[in-house]
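For reference, the chains in residue letters:
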Amino acid sequence: VDASPRDRNVVSNAIDHFRFKNNNARVAELRQLAAKNADLELASEDKAFTARKESFDELGKAKDWFYLVGEGAGKKVRERAERRGDTLLKEDTHRHLENAQRYFRMAEAKSKEKAVQDKALRLAQEHEKKGEITQATNFYGLAGATAKGEELEKRSEAQHRKSEEKRQKQFTKDQDKL
């Protein structure tokens, strides 16, 4: 462990080994090391989220370290994930709302997942009114209304085919005049 204090597998195996040997002092020491590593991962997660508004890998690593710490330590990760989701829920872009939903799943915040779906549905309807079919379809998918998005896409394709046929007929007529 002293040679690889940041290797989760080594620390995990050491905890299991000393727990089996009933060396509780060494287990407690290793759990403190895991807590320190979890805090380092949370700091890394904070930097990653600040830089790119996405930090799932870093948060997952912190969660893995907190698992080694033991009882209730994962609460920090859930709280952090919920805060990240809250931050992204304020945005109106598909990517941010999709990530907010992932963070809320990680935080086990069902009511906030529902808030993401409600907002996505509202945004889908707004984009549909503007004629932005692809974006509307994406938001419908995020809202859990995939069937509505597919129906919208089919209607749009049918309209496009109809207008294309009309354009080709007009082109043929104009060509015949020449």
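Preceding this paragraph is the structure being described.
Residues numbered from 1 in each chain as written. Predicted model: local features only at pLDDT ≥ 70, side-chain atom pairs only at ≥ 80, totals over all residues. Heavy atoms only, no water.

### Here's the deal with the packing of aromatic side chains
Moving on, step 1. The tally for this structure, following the rule as stated, stands at 2 aromatic pairs.
Moving on, step 2. Ring centres of Phe49 and Tyr103 lie 6.0 Å apart, and the angle between their planes is 80°; on these two criteria the pair is classed as edge-to-face. Residue Phe49 is located in helix H2 (residues 24-52), and its partner Tyr103 is located in helix H5 (residues 94-107); the two are separated by 54 residues in the primary sequence. You'll find Phe49 and Tyr103 in the same group, each marked buried.
Moving on, step 3. For the ring pair Phe56 and Tyr103, a centre distance of 4.2 Å and an interplane angle of 25° mean the geometry is stacked. Taken together, the positions of Phe56 in helix H3 (residues 56-69) and Tyr103 in helix H5 put the pair 47 residues apart, joining distant regions of the chain. The pair Phe56 / Tyr103 is uniform in exposure class, with both members buried.
Moving on, step 4. A connected cluster of aromatic rings, assembled from ring pairs, spans Phe49, Phe56 and Tyr103. (Phe/Tyr/Trp six-rings, centres within 6.5 Å; stacked < 30°, edge-to-face > 60°. Helix = DSSP H or I, 4+ residues; strand = E, 2+ residues; numbered from the N terminus. Buried < 20%, exposed > 50% of the residue type's maximum accessible area, 1.4 Å probe, protein only.)

### Here we look at unusual backbone geometry
Moving on, step 1. Even without being glycine, Asn22 reaches a positive phi, approximately 60°.
Moving on, step 2. With respect to the helices and strands, the residue Asn22 is situated in the loop between helix H1 (8-20) and H2.
Moving on, step 3. We note that Glu108 has phi near 60°; this positive angle belongs to a residue other than glycine.
Moving on, step 4. Structurally, the position occupied by Glu108 is in the loop between H5 and helix H6 (110-130).
Moving on, step 5. With a relative accessible area of 59%, Glu108 lands in the exposed category.

Treat this as a map of the structure, not an account of what it does.
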